[in-house]
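Spelled out from the first residue to the last, the chains are:
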Amino acid sequence: MEPVPGRRWQKVLYERQPFPDNYVDQRFLEELRKNVHARQYRYQAVVFQSGAVVQQLCSVCVFVLTWWYMDAGLLSPQGLFAAALVSSLLGYVLFDAVDGGAGRWASGRTRWADLKSTLVFAAFTYGFSPVLKTLTESISTDTIYAMSALMLLGHLIFFDYGANAAIVSSTLSLNMAIFASVCLASRLPRALHAFVMVTFAMQMFALWPMLQKKLKAWTPRCYVAVTVLFALAALAALATVSSVGAVLFASLLLAISCLCPYCLIRLQLLKDNIHGPWDEAEIKEDLSRFLM
């Protein structure tokens, strides 16, 4: 069927027209749009958001180094417990001071409830520390190390960095980190070591991220300063064990915080998504009333 001269094609289905089914006129590409929903990123903003990844990598590094120091006898469990207790008290005060107690008032949680939860966790962990110490005696040390590495890697993958993605699971991420800490703690000399190690893991993987998220939301400059200091401390501690490892870890942190944001900005310029009349129809009207 050939187009009829003088007859204008209309983009409708309910009217018979003297045009082939696949016919389109010169106006077809007038509605072409490119990168309609593309987001524009700024380099400084992307670097700032990458701080969450840097901090979590440093947390895993500090945790593993602490375990290594305890396993080598260079760090006593009493010293680690005292340092963790002091830092926890300081972080607890800072957590309320950042927002002036607004978060606590909104949640309705009292300090007495926090104290009871802390005492219950400490008593429970201390009571089961002999069990934790002997829990994996029948498993080879190489298997324990492999399991711990996989669990810590899973912790990094599923951690909530602020992205709205299906893979994010804070509960799974925390459980994998605690499982890794239990595996590593079972290879320490005494039950006290296991108790302090699991307690320290809870502080590093549960309490520390909560404080960082509040600093990031309320005091961005303080958050950046803490991130830099924490990364430098992790690198300094790693340098005492392996200078090559410290160099490689520093390269990884720089790549994540500087190189990856730059690559993201550059790749955004090459993005070329097209939208037009060929897209599937989207129902934007609220149809919830039909579900009653």
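Higher on the page you've got the structure.
Residues numbered from 1 in each chain as written. Predicted model: local features only at pLDDT ≥ 70, side-chain atom pairs only at ≥ 80, totals over all residues. Heavy atoms only, no water.

Student: For a nonpolar patch on the surface, give the residues involved together with the corresponding values.
Tutor: A cluster of nonpolar side chains, contributed by F124, F128, V131 and L135, occupies part of the molecular surface with about 400 Å² of accessible area. Relative to the helices and strands, V131 is located in helix α5 (residues 111-134). (Patch = residues over 30% accessible without salt bridge, like charges linked within 9 Å, V, L, I, M, F, W, Y side chains within 5 Å. Areas by Shrake-Rupley, 256 points an atom, 1.4 Å probe, with all protein chains shown as cover. Salt bridge = Lys/Arg side-chain N within 4 Å of Asp/Glu carboxyl O. Helix = DSSP H or I, 4+ residues; strand = E, 2+ residues; numbered from the N terminus.)

Student: Describe the side chain of S173, naming the residues involved and giving the relevant values.
Tutor: Along the chain, the position of S173 falls in helix α7 (residues 170-185). According to the relative accessible area criterion, S173 is buried, its value standing at 1%. Each residue touching S173, except ones within four places of it in the same chain, is listed here: H155, F158 and F159. (Buried < 20%, exposed > 50% of the residue type's maximum accessible area, 1.4 Å probe, protein only. Contact = heavy atoms within 4.5 Å.)

Student: Can you tell me about helix α6 (residues 141-158), naming the residues and giving the values?
Tutor: Look at α6: 26 Å from first C-alpha to last across 18 residues, which is about the 26 Å you get at 1.5 Å a residue. Along α6, the residues that are buried comprise I144, S148, L152, G154, H155 and L156. The inward-facing, buried residues of α6 abut α2 (51-71), α7 and α8 (191-218). (Expected span 1.5 Å × (residues − 1).)

Student: Give a description of the nonpolar core that names residues and reports values.
Tutor: The biggest cluster of nonpolar side chains holds 40 residues, and the ones touching the most others in it are C58, F63, M197, F200, F205, F249 and L253. Looking at this core, the elements with two or more residues in it are α2, α3 (77-98), α6, α7, α8, α9 (220-239) and α10 (243-269). With 10 residues, α2 is the single largest residue contributor to this core. In this structure L253 touches V54, L57, C58 and A231, once residues within four positions along its chain are discounted. Within the second largest apolar cluster, five residues are counted, among which are A52, V98, L211 and L215. (Core = buried A, V, L, I, M, F, W, Y, C linked by side-chain atoms within 4.5 Å.)

Student: Lay out the environment of F249 with the relevant residues and their values.
Tutor: By the secondary structure assignment, F249 is in helix α10. Owing to a relative accessible area of 12%, F249 belongs among the buried residues under this scheme. Separated by 88 residues in the primary sequence, F249 and Y161 have C-alpha atoms spaced 20 Å apart. For F249, the residues in contact, after removing those within four places along its chain, are L57, C58, C61, L235 and L238.

Student: Could you give an account of the packing of α7 against α8, with specific residues and numbers?
Tutor: It is the contact of α7 with α8, at a shortest axis distance of 9 Å, that shows an interaxial angle of 155 degrees. Considered as vectors, α7 and α8 are oriented roughly antiparallel to each other. Crossing angle aside, the handedness with which α7 passes α8 is right-handed. Between α7 and α8, the contacting residues are L174, A177, I178, S181, V182 and A185 on the first element and A194, M197, V198, A201, M202, F205 and A206 on the second. Taken together, the residues that form the contact of α7 with α8 break down as 12 nonpolar, one polar and no charged. (Axes fitted to C-alpha atoms, helices over the stretch in contact; angles between N-to-C directions. Parallel < 35°, antiparallel > 145°, perpendicular 65-115°, else oblique. Left-handed = near helix turned anticlockwise from the far one by under 90°. Nonpolar A, V, L, I, M, F, W, Y, C, P; charged D, E, K, R; others polar.)

Student: Go over the packing of aromatic side chains with me, naming the residues and quoting the values.
Tutor: According to the stated counting rule, one finds 10 aromatic pairs in the structure shown. Aromatic side chains F63 and F205 sit 5.2 Å apart centroid to centroid with 65 degrees between the ring planes, which places their arrangement in the edge-to-face category. With a gap of 142 residues between them, F63 in helix α2 and F205 in helix α8 connect regions that are remote in the sequence. Residue F205 is classed as buried on the basis of its relative accessible area of 3%. With centroids separated by 5.0 Å and ring planes inclined at 65 degrees, the aromatic side chains of F159 and Y161 adopt a geometry described as edge-to-face. With a relative accessible area of 23%, Y161 lands in the partly exposed category. (Phe/Tyr/Trp six-rings, centres within 6.5 Å; stacked < 30°, edge-to-face > 60°.)

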